[in-house]
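Architecture at a glance
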Amino acid sequence: MSEIELKFQIPSHMHAQIQQDFAGLAAERQHLWARYFDTEDLQLHAHSIALRQRLENDLWLQTLKAPAQQPFERLEIEHKLGKKQPKQCKLSHYAKHPEVDQLLKKSLDTLQTPLILQFETEVQRSIHSEKYKNSIIEIAFDQGEIRHSAEFTAIYEIEFELKQGQLSELIEFVQPWIERYSLWLDSRSKSDRGYSLVARSCLIPAQHQQPLELHGDDTLHDMLQKVIRNTLQHLLPNATALSIECHDSEHIHQARVAIRRLRSALRFFNVEELHIPPVWAEQLTELFQQLGAARDRDALAENLLPQLEAAGSPINDLPPVKAENIEVSHLFKQPETNYLILDLLRYSQTAPLKKNSKDIRTLYQRLSKLHQQICADAARFCELEIEDQHRTRKRVKRLRYNIEFLQNLFPSKAVKTYLKALKPLQESLGHYNDLHVAEDLYLPYTKQKAKAWFVIGWLRAEQQRLQQDIQNELQIFSQTEPFWKS
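Figured I'd write up the structure that's included with this text. Every chain's residues receive numbers from 1 upward, in the order its sequence appears when written. Local features in this predicted model are restricted to residues whose pLDDT is 70 or higher, and side-chain atom pairs enter the listing and the counts only when it is 80 or higher, whereas totals over whole chains, interfaces and linings include all residues. Processing note: side-chain calculations cover all non-hydrogen atoms of the structure and skip hydrogens and water entirely.

**Focus on the state of the cysteines**
When two cysteine sulfur atoms are found within 2.5 Å, that pair is recorded as a disulfide. Taken as a whole, this structure holds one disulfide when the rule is applied. Between Cys 202 and Cys 246 runs a disulfide, and the two sulfur atoms are separated by 1.8 Å. Residues Cys 202 and Cys 246 are joined through a disulfide that is right-handed, its torsion about the S-S bond being 95°. Taken together, the residues span a long stretch of sequence, with Cys 202 in the loop between α5 (190-199) and α6 (220-243) and Cys 246 in the loop between α6 and α7 (249-268) at a distance of 44 residues. Any residue under 20% of the maximum accessible area for its type is buried, any over 50% is exposed, and the rest in between are partly exposed; the area is computed with a 1.4 Å probe on protein chains only. Judged by its relative accessible area of 41%, Cys 202 falls in the partly exposed class. For Cys 246, a relative accessible area of 10% corresponds to the buried category. Left unpaired, Cys 382 is separated from the closest cysteine sulfur, that of Cys 375, by 16 Å. Segments assigned H or I by DSSP are reported as helices when at least four residues long, segments assigned E as strands when at least two residues long, and all are numbered from the N terminus.

Dropping the structure here:
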């Protein structure tokens, strides 16, 4: 079976309030002690599988959880073990579950692989169920800790699980809670946090985009829903890393890529029958721009500074950051951002308002228009204004993302050939944009440090060289034939 739940972290300034409010509810109290097992080299975790034994009241249960197809949904298989504490954790309980058996054998080769205790959780849980419209929603407020050896980390979170009904009603129900307690979505499970404790690092791997599977008989609505789910799965783990202030430059980069892919999809699929709220594009643009300042500095620090040092620059650091730049850790904690993510999630699961078209010729026509616009700049890129050159860069990115959305509808060889011509062009345009971002950053700095003029001169020389390279790459790309029919 699968479960649908939304997990939120509670900011410290709201701990007392939510605890007081829960004390006034007719909530069931549970003491939960769980033990998490894995192989010595953590092969289950490497395949995103969590395996635990948990004492609930006086009964031990063994539960396996693994990713499902949808965001915020997980495969969950539970097995009753009895009232005595098990001496070991056995995978053989899942031999009669074909889906899980196949998953485990893919991860471990055999169900006889030895397992060892990795970490434990101990939680005081308050459970309250409410009926909302046609749905039943269970609210679980957890306080406790995760332990590994002598180390521990605190648990203070709230989960909303859909026991019966519609996801859209679960999301409606949750929104007033977000507003009242400043809750923010957390994509980590307790097992994820436990493995971070084992690794002695809160840093979770940056999430990259996953393959997207569309089918020839999908409607436009089906396609857009799959794209939104795919981009949310790309975004949310990186957003969590930013929110817990344990991230590196790749988390910021991947969060921006996920948002850019989502913006491209909303624009690409924007036909009247899909009823895409215009406010989404505005909110995503603002979020993207707010992340931009941090990403720009990271990219320049990693790529530009070594080049400046090699060129003999008297300045080998970035200008001081402006105080008004927003902290990236706050972006995904804001109620407005959480509402946006939940609205997108709801849309990705909701049936269309009316019968939806399977005719994707409109999408092919949009691919052709982008291709033609890019090729039109091939002979005159060096003559374009800076804004027009950056417009070309944005078109190249949109074309690539839109092709990637639809790519498994076409022969893979044709797609690979086309993208092979497109990707180097995108990389060069991205580097060219970084040079202009750097110039905008260093130019005001020349008023404080005259030596910064060396950097400006070097940047402008690089811009001149690279724009000629880009024009040559555009001319090569213009010889590439589209593989779709508009």
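**Section: helix α12 (residues 386-406)**
In this scheme, a helix's expected span is set at 1.5 Å multiplied by one less than its residue total. Between its first and last C-alpha, α12 extends 31 Å over 21 residues, near the 30 Å set by a 1.5 Å rise per residue. Buried residues dominate α12, accounting for 15 of its 21 residues.

**Topic: the environment of Asp 41**
Residue position: Asp 41 is located in the loop between β2 (28-38) and α2 (43-46). On the accessibility criterion, Asp 41 (52% relative accessible area) is exposed.

**Here we look at the packing of aromatic side chains**
Note on ring pairs: Phe, Tyr and Trp rings are taken, using the six-membered ring of Trp, and paired if centres are within 6.5 Å. Classes follow the plane angle, with under 30 degrees stacked, over 60 edge-to-face and the rest tilted. Enumeration according to the criterion identifies 21 aromatic pairs in this entry. Relative to Phe 410, the ring of Tyr 364 has its centre 5.6 Å away and its plane inclined at 55°; by these criteria the two rings are tilted. With Tyr 364 in helix α11 (residues 361-376) and Phe 410 in the loop between α12 and α13 (412-442), the pair connects residues that are 46 residues apart, well separated along the chain. Ring centres of Tyr 418 and Trp 484 lie 5.4 Å apart, and the angle between their planes is 75°; on these two criteria the pair is classed as edge-to-face.

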